[in-house]
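Residue-level structural notes
What follows is the residue order along each chain.
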Amino acid sequence: MREQLESLSNLTINFGQGGMMIVNIILAFVMFGVALGIKTSTFKEVFQKPKSVIIGVLMQWIGLPLVTFLVALALNQWITPMIALGMILVACCPGGNISNFISSLSKGNVELSVSMTAITTALAPIVTPLNFFAWGNLYAYIVSVKQDIPELSIPFLPMLYQILLLLGLPIVLGIIFAKYHPNATKKITKPAQVLSILLFIGMVLVSFSQNWQIFLDNIIYVFFIVMLHNACALATGFVGAKLAKLPQKDCRSLTVEIGIQNSGLGLVLLFNPVIFPPEIWHQHYGGMLLVTAWWGIWHIVSGLTVAYLFRRKPLAE
């Protein structure tokens, strides 16, 4: 399996300057759509009933990266370092923009889901690069990645700067728009969410169009890796909420929130030559691309499946 995944080193993505601009616009649109659901009143509610939100954010920022790190180490003899770093990158991203919808389908605490998405998204420009830098470098140190990939370095300041530009401005604009144009916000929020999903899938297809055979040859392996990783993410949310003795509705929402990540952000970061310079990462990060891209598709399937299972079980009175 490891030998097969090594072929991903031949996978190359080159959008060019114009293509990267389109990718960045897509991400900005997605983050603007997510920010439409962020209201300043949400943060006030967090301080009134903070326990579930605090538990959820800790699991998102610490629990999931830690679990992912341990899973990557456990799978080390079967997966490549780039596959492992792709898993870690996904785990360091904020909650996905469809988590609130999935939480609603699950009959969970939608307000809690929105609060978590709001907090993790708003602070993603700082937390995501910091987490990836810390866990990625720790993994690289333990498995001696530098023996396999000379001069590989995981950036922090370049990633921080780029995320502040790519996420910060759309988030601020989205919050301001939602505050001053509430009626318009209600009309465009759901269409924006659907369109963002379609744009993400389109971005994935275009990304691998020139490497389709490599994608097909390895998707079965990546499928099982992502499925296992996503199952661990869902379990992290569920078990963490249960151990904290949170209400059943909160358990459902935290399960969904931790299991659905904004992998589109991770994908766009990988496309950014400032963050992952071609002279260092070229011919190396194909595994990261494939894991991150497939996560964005699979967590929709798993999220809807979990929602179906939750709906079959009535909430305790």
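If you're wondering where the values come from, they're calculated on a predicted model, not measured in any experiment.

With that out of the way, let us pick up the side chain of threonine 121. Checked against the element boundaries, threonine 121 lands in helix H7 (residues 110-122). The class for threonine 121 is buried, based on a relative accessible area of 0%. Within the structure, threonine 121 has its side chain in polar contact with the backbone oxygen of threonine 117 (distance 2.6 Å).

Moving on, we come to the nonpolar core. Core analysis: the biggest nonpolar cluster contains 55 residues, and Tyr139 and Met288 have the highest contact counts within it. If you list the elements that add at least two residues to this core, you get helix H4 (50-74), helix H5 (81-91), H7, helix H8 (124-142), helix H11 (212-243), helix H12 (248-259), helix H13 (263-271) and helix H15 (286-312). Looking at this core, the element that brings in the most residues is H5, giving nine residues. Core analysis: the next-biggest nonpolar cluster, separate from the first, contains nine residues, Ile98, Ile102, Ile260 and Ala307 among them.

Further remarks concern H4. A rise of 1.5 Å per residue sets the reference length of H4, with its 25 residues, at 36 Å; its end C-alpha atoms lie 34 Å apart and thus fit the reference within 8%. When the local axis directions of H4 are compared, the greatest deviation, roughly 45°, occurs at methionine 59.

We now examine the environment of methionine 116. Positionally, methionine 116 belongs in helix H7. Overall, the relative accessible area of 0% leaves methionine 116 in the buried class. A C-alpha to C-alpha distance of 9.9 Å links methionine 116 and isoleucine 55, two positions 61 residues apart in sequence. Beyond its immediate stretch of four places on either side in the chain, methionine 116 contacts Gly56, Val57, Gln60, Leu254, Glu257 and Ile258.

Summarising burial for H5: 11 of the 11 residues are buried, a large majority. Looking at H5, one finds that the buried residues are Pro81, Met82, Ile83, Ala84, Leu85, Gly86, Met87, Ile88, Leu89, Val90 and Ala91.

Here we come to the packing of aromatic side chains. One pass over the full model with this rule turns up four aromatic pairs. Measuring from centroid to centroid gives 5.3 Å for phenylalanine 223 and phenylalanine 224, while their planes differ by 70°, and the two rings are edge-to-face. Given the relative accessible area of 46%, phenylalanine 224 is considered partly exposed. Measuring from centroid to centroid gives 6.3 Å for phenylalanine 223 and tryptophan 294, while their planes differ by 65°, and the two rings are edge-to-face. Of this pair, phenylalanine 223 sits in helix H11 while tryptophan 294 sits in helix H15, and the two are 71 residues apart along the sequence. Accessibility expressed as a relative area gives 17% for tryptophan 294, which makes it buried.

The next point concerns a nonpolar patch on the surface. On the surface, a cluster of nonpolar side chains totalling about 270 Å² of accessible area is made up of Ile54, Leu58 and Ile62. Relative to the helices and strands, isoleucine 54 resides in helix H4. Classification of isoleucine 54 by relative accessible area gives partly exposed; the value is 45%.

For the rest of this paragraph, the subject is the environment of alanine 307. By the secondary structure assignment, alanine 307 is in helix H15. Note on alanine 307: relative accessible area 2%, which makes it buried. Considered as a pair, alanine 307 and isoleucine 102 are 205 residues apart in the sequence and their alpha carbons are 6.4 Å apart. If near-sequence neighbours (up to four positions away) are discounted, alanine 307 is found in contact with Ile102, Leu105 and Ser106.

Below, the discussion takes up the side chain of serine 253. The topology assignment puts serine 253 in helix H12. Overall, serine 253 belongs to the buried group, its relative accessible area being 1%. With near-sequence residues (within four places) excluded, serine 253 lies in contact with Ser103, Gly108, Asn109, Val110, Leu112 and Ser113.

So, how was this worked out
Residues numbered from 1 in each chain as written. Predicted model: local features only at pLDDT ≥ 70, side-chain atom pairs only at ≥ 80, totals over all residues. Heavy atoms only, no water. Helix = DSSP H or I, 4+ residues; strand = E, 2+ residues; numbered from the N terminus. Buried < 20%, exposed > 50% of the residue type's maximum accessible area, 1.4 Å probe, protein only. Polar contact = N/O pair within 3.5 Å; in protein donor to acceptor, adjacent residues only side chain to side chain. Core = buried A, V, L, I, M, F, W, Y, C linked by side-chain atoms within 4.5 Å. Expected span 1.5 Å × (residues − 1). Bend = angle between axes of the 7 residues up to and from the residue. Contact = heavy atoms within 4.5 Å. Phe/Tyr/Trp six-rings, centres within 6.5 Å; stacked < 30°, edge-to-face > 60°. Patch = residues over 30% accessible without salt bridge, like charges linked within 9 Å, V, L, I, M, F, W, Y side chains within 5 Å. Areas by Shrake-Rupley, 256 points an atom, 1.4 Å probe, with all protein chains shown as cover. Salt bridge = Lys/Arg side-chain N within 4 Å of Asp/Glu carboxyl O.

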